[in-house]
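Architecture and fold: a report
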Amino acid sequence: MKRYLLITLIILAFYRHTAAGAIKQNIELTLNSAVRIAMDNSYRIKQLRLGIERTRLWLQAERAGLKSRIYMNISAPEIEDLSDYKWNSLLQRDEIVRQSTQRWQMDLSVRQPVVLFGYPTDGYLSLNNQMYRYLQKDPNGNDISYYNRYFLKFEQPFFLPNNLKNKIELAELNLKSRELEYIDDQIEFLRQIADDYYTLFKLSYTRKIYEWRIENLNEIARLVYHMLQQDSTRTIETIQVQVELANVQEKLLQNQSDIRIATSRLKQRLRLNGEDNLIINPNIYIVPVKVNVEEAIQYGYTLRPQLRSLANNKRRDEIDLENVKGWNAFHMNLEMTYGIEKQDDSYRQLWGNSDNSNSVTLTAYIPLWDWGQRQARIEAQEISIKKTDLDLEEIKNRIASDITNAVSNLDEYQERALKMQENMEIAKEITAQSMILYQNGKISLQDLLQTIIRQSDTEFNFLEVYLGYRKSLLTLMTNTYYDYENSISLLDQFKMQ
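Notes on the structure in this doc start here. (Residues numbered from 1 in each chain as written. Predicted model: local features only at pLDDT ≥ 70, side-chain atom pairs only at ≥ 80, totals over all residues. Heavy atoms only, no water.)

Comments concerning the overall build of the chain
Inclusion rule: Every helix listed is a DSSP run of H or I at least four residues long, and every strand listed is a run of E at least two residues long, numbered separately from the N terminus. Each radius of gyration reported is based on C-alpha atoms, and the globular scaling rule is 2.2 Å times the count of residues to the power 0.38. Note on exposure labels: buried denotes an accessible area under 20% of the residue type's maximum, exposed denotes more than 50%, and partly exposed covers the range between, all computed with a 1.4 Å probe on protein chains only. The criterion used for residue contact is that any of the two residues' heavy atoms lie within 4.5 Å. Exposure was quantified through the Shrake-Rupley algorithm and a 1.4 Å probe, taking into account, for residues, occlusion by the shown protein chains and nothing else. Counted as positive: Lys and Arg. Counted as negative: Asp and Glu. His and the chain ends are not counted at all. The atoms used to mark charge sites are NZ of Lys, CZ of Arg, CG of Asp and CD of Glu.
From N to C terminus, the chain includes ten helices and ten strands. Taken over C-alpha atoms, the radius of gyration comes to 41 Å for the chain, far larger than the 23 Å a tight globule of 497 residues would show. Each of the three principal axes of the chain carries a C-alpha extent, and together these read 145 × 80 × 40 Å. The proportion of buried residues among the 497 residues of the chain is 36%. Taking the intrachain contacts of the chain between residues at least 6 apart in sequence as the baseline, contacts between residues at least 24 apart amount to 77%. Surface summary for the chain: the accessible area is close to 30,700 Å², and the carbon and sulfur share equals 52%. The distance from the centre of the 62 positive side-chain charges to the centre of the 66 negative ones in the chain is 5 Å.

Section: the pattern of salt bridges
Pairs may arise between side chains of opposite charge once their charged atoms sit close together. Going by this rule: Put simply, a salt bridge is a Lys or Arg side-chain nitrogen that is within 4 Å of an Asp or Glu carboxyl oxygen.
Under the definition given, this model contains 21 salt bridges. When the shortest N-O distance is used, the salt bridge between Glu179 and Arg56 registers 3.6 Å. In this pair, Glu179 sits in helix α4 (residues 163-230) while Arg56 sits in helix α3 (residues 43-64), placing the two residues 123 residues apart along the sequence. Close ionic contact of Glu335 with Lys153 constitutes a salt bridge, the shortest N to O distance being 3.7 Å. With a gap of 182 residues between them, Glu335 in strand β7 (residues 331-344) and Lys153 in strand β5 (residues 141-158) connect regions that are remote in the sequence. Here the salt bridges share partners, and the residues they tie into one network are Lys165, Glu169, Arg315 and Glu318.

Side note on the packing of helix α8 (residues 373-439) against helix α9 (residues 445-480)
Put simply, the test is: Helix axes are fitted only over the stretch in contact, all axes being lines through C-alpha atoms; the angle between N-to-C directions runs from 0 to 180 degrees. Here roughly perpendicular refers to angles of 65 to 115 degrees, roughly parallel to angles under 35, roughly antiparallel to angles over 145, and oblique to all remaining angles. Working rule for handedness: look at the near helix, and if it is turned counterclockwise from the far one by less than a right angle, call the crossing left-handed; if clockwise, right-handed.
Put simply, α8 and α9 touch, their axes get as near as 7 Å, and they point 160° apart. When the interaxial angle is binned, α8 and α9 end up roughly antiparallel. Considering how the two elements wind past one another, α8 and α9 form a crossing that is left-handed.

Considerations on the packing of aromatic side chains
Applied cut-off: Each pair of aromatic rings taken from Phe, Tyr and Trp, with Trp reduced to its six-membered ring, is defined by centres within 6.5 Å and is described as stacked if the planes are under 30 degrees apart, edge-to-face if over 60, and tilted in the remaining cases. The rule is short: NZ of Lys or CZ of Arg within 6 Å of the ring centre and within 35 degrees of the ring normal puts a charge over the ring.
Going through the model one piece at a time under the given rule, you end up with 15 aromatic pairs. Taking the centre distance of 5.7 Å and the plane angle of 65° together, the rings of Tyr146 and Tyr347 count as edge-to-face. Highlighted residues: Tyr146 in strand β5 and Tyr347 in the loop between β7 and β8 (355-365), separated in sequence by 201 residues. A relative accessible area of 41% means that Tyr347 is categorised as partly exposed. Aromatic pair Phe159 and Phe330: ring centres 5.6 Å apart, planes at 40°, arrangement tilted. With Phe159 in the loop between β5 and α4 and Phe330 in the loop between α7 (305-326) and β7, the pair connects residues that are 171 residues apart, well separated along the chain. Look at Phe159 and you get exposed, because its relative accessible area is 57%. Judged by its relative accessible area of 35%, Phe330 falls in the partly exposed class. These aromatic residues form a ring-pair network of at least three members: Tyr197, Tyr198, Phe201, Phe462, Tyr466 and Tyr469. Above the face of the Trp327 ring, Arg377 is positioned so that its terminal group lies 4.2 Å from the ring centre. Against the face of Trp212 rests Lys428, its NZ or CZ located 4.9 Å from the ring centre.

Digging into α3
Cut-off, in case you're wondering: Take the number of residues in a helix, subtract one, and multiply by 1.5 Å to get its expected span. What the arc measures is the spread of directions leading from the helix axis to the C-beta atoms.
The first and last C-alpha atoms of α3 sit 31 Å apart over 22 residues, in line with the 32 Å expected at 1.5 Å per residue. Along α3, the positions that sit buried rather than exposed are Ile45, Leu48, Gly51, Ile52, Thr55 and Leu59. In a view along the axis of α3, the buried residues occupy a sector of 115°, so they form one face of it. Exposed residues on α3 whose side chains face more than 90 degrees from its buried face are Tyr43, Gln47, Leu50, Leu57 and Gln60. Buried residues belonging to α3 abut α2 (31-41) and α4.

Digging into the side chain of Lys342
Just so we agree on the cut-off: Whenever a nitrogen or oxygen atom comes within 3.5 Å of another N or O atom, the pair is scored as a polar contact, on the condition that within protein one atom can donate a hydrogen and the other can accept it, and that pairs from neighbouring residues in sequence are kept only if both atoms are in side chains.
Secondary-structure assignment places Lys342 in strand β7. One buried charged residue, Lys342, forms no salt bridge at all, with the nearest opposite charge on Asp344 at 4.4 Å. Engagement of the side chain of Lys342 in a polar contact is seen with the backbone oxygen of Gln349, the distance being 2.7 Å. Beyond its immediate stretch of four places on either side in the chain, Lys342 contacts Tyr146, Tyr147, Asn148, Gln349, Leu350, Gly352, Asn353 and Ser354.

Topic: the pairing of β5
Remember that side chains alternate between the two faces of the sheet whenever the strand is regular. So the rule is basically this: Paired strands, in this sense, are two strands between which DSSP finds at least two bridges.
Where strand β4 (residues 119-138) and β5 come together, 15 bridges link them in antiparallel fashion. Bridge pairing in β5 links Leu127 to Leu152. Inspection of the sheet shows β5 paired to β7 by 13 bridges, in the antiparallel sense. The residue of β7 that forms the bridge with Phe151 is Gly339.

Looking at α8
Compared with an ideal rise of 1.5 Å per residue, which puts 67 residues at 99 Å, α8 spans 97 Å between its outermost C-alpha atoms and is within 8% of the ideal. Taken from the residues just after α8, Gly441 is the one with a positive phi, measuring 75°.

Some details on the nonpolar core
Defined as follows: As used in this record, nonpolar core signifies buried Ala, Val, Leu, Ile, Met, Phe, Trp, Tyr and Cys residues forming a set joined through side-chain atoms within 4.5 Å.
Core analysis: the biggest nonpolar cluster contains 70 residues, and Leu29, Phe201, Leu270, Val291, Tyr469 and Leu476 have the highest contact counts within it. Per-element tally for this core: the top contributor is α4, with 16 residues. Residues within four places of Val291 in sequence aside, it is in contact with Ala296, Val407, Leu410, Leu476 and Tyr484. Residues Ile220, Val224, Leu252 and Met435 belong to the second largest nonpolar core, which totals 17 residues.

Details of the pairing of β7
Examined bridge by bridge, β7 and β8 share eleven bridges and lie antiparallel to one another. Bridge pairing in β8 places Ile340 opposite Asn356.

Comments concerning the side chain of Thr451
Here Thr451 is to be found in helix α9. Taking the relative accessible area as the measure of exposure, Thr451 reaches 6% and is therefore buried. Not counting chain neighbours up to four residues away, the residues in contact with Thr451 comprise Ile430, Thr431 and Ser434.

Notes on the sheet that holds strand β2 (residues 69-88)
Sheet architecture is open: six strands sit in the order β2-β3-β4-β5-β7-β8, paired in antiparallel fashion. The open sheet terminates on both sides in strands that have one partner only, identified here as β2 and β8. Between one strand axis and the next, the sheet turns through 20° on average, direction left out of account. Taken strand by strand, α4 contacts β3 (93-116) and β4, and its axis lies near 120° from that of β4.

In short, geometric facts, not functional conclusions.
Below you can see the structure in the form of structure tokens.
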């Protein structure tokens, strides 16, 4: 029994260790991969994707309205066994008449919207068949009649809004708005994730600066130790190096604690497992970007979802204005039928010697007076369009101003970053030369430590300028919706396939 329990515990422990190892992941993180992980795990993005799919199906349903539709209406049966009053022209008075009827009816239609050169006219052409059996009961017996009619029917309104075309266009506008909302939310995710990512990037690069500084101090400690072997009066220099080294090591420990907190926060934002290990390689690279201000402003005008959404809203207002103008306005309806019909007491006789069955109906609605109600509705809707135009103009001015400032900031930070990159290389070279001079006894330890401190200050300044460069490039990208590093619009990069 003891041996069995021991084997069971070993198997369970091995399984637990294997399962934990399978769950834990090493994730090498960049800004792009962080954004991709956040979007894949975001409930908001998933909801927007479902919203787009739903809107696409609504558009598909509206476009299907341009195709033929086949339907059937059946009354099987329609029975009336009741009394009602009717006018008797012979008696010149109403009289109560009892009716006992049965009708079995079937209407079959194939209905097709009329589309000319790809443009729906809001008219319909249909092929119809109407057939019924009608039975009347009276004291003398039952009277049965059969009726059959085949006819082609054309219906066309005039001087009215094109309801079919407008429904399809509204469905297309809804889909565009959903897609723009989806892209806009992804860019907002990009902004939020970028803040957390660059915070962790800064801490990771700061750790490298401290590690470089500790490496230099260790090298200085080695030099001081060798010089102490030759001159015992340099003991104070050993203490100075140890104190400086201890201070930097303490800063490194604090930095590691900050990295742990920032990593935990980023894991929560990305909805990752707490056991996952995030790896950030804080490598700095600067690819000079040349931006034309006028071209960038045009990108902002044509690619920004905000302007496109307002343009969609304006088009909706224009459709609403068209519908308002059609309300209580003069209009006409044309209805024409052409076919054959047959009525007979025998069902078998319905299929021959049919009579022509044609009709033409033209109706017109003529408004005479409505106390200005229709005109007031039209003016109110026109004001909505003017308001949207003002919003478009205001946002265009704001976009132009934001993009101009973003380009100026990018140019400034890019120039400073390239200059600081050169300064950092010079600082490293000065540190290396200072160590040689100290080893040769031409400079003091204080001068060498000051050189190390100036190198660290230069590296920190370079880090700040580089982050300013990256963030200004990100700001320009989110203002123009164009990725200048990869030469692609964000609409193409983030659109839902």
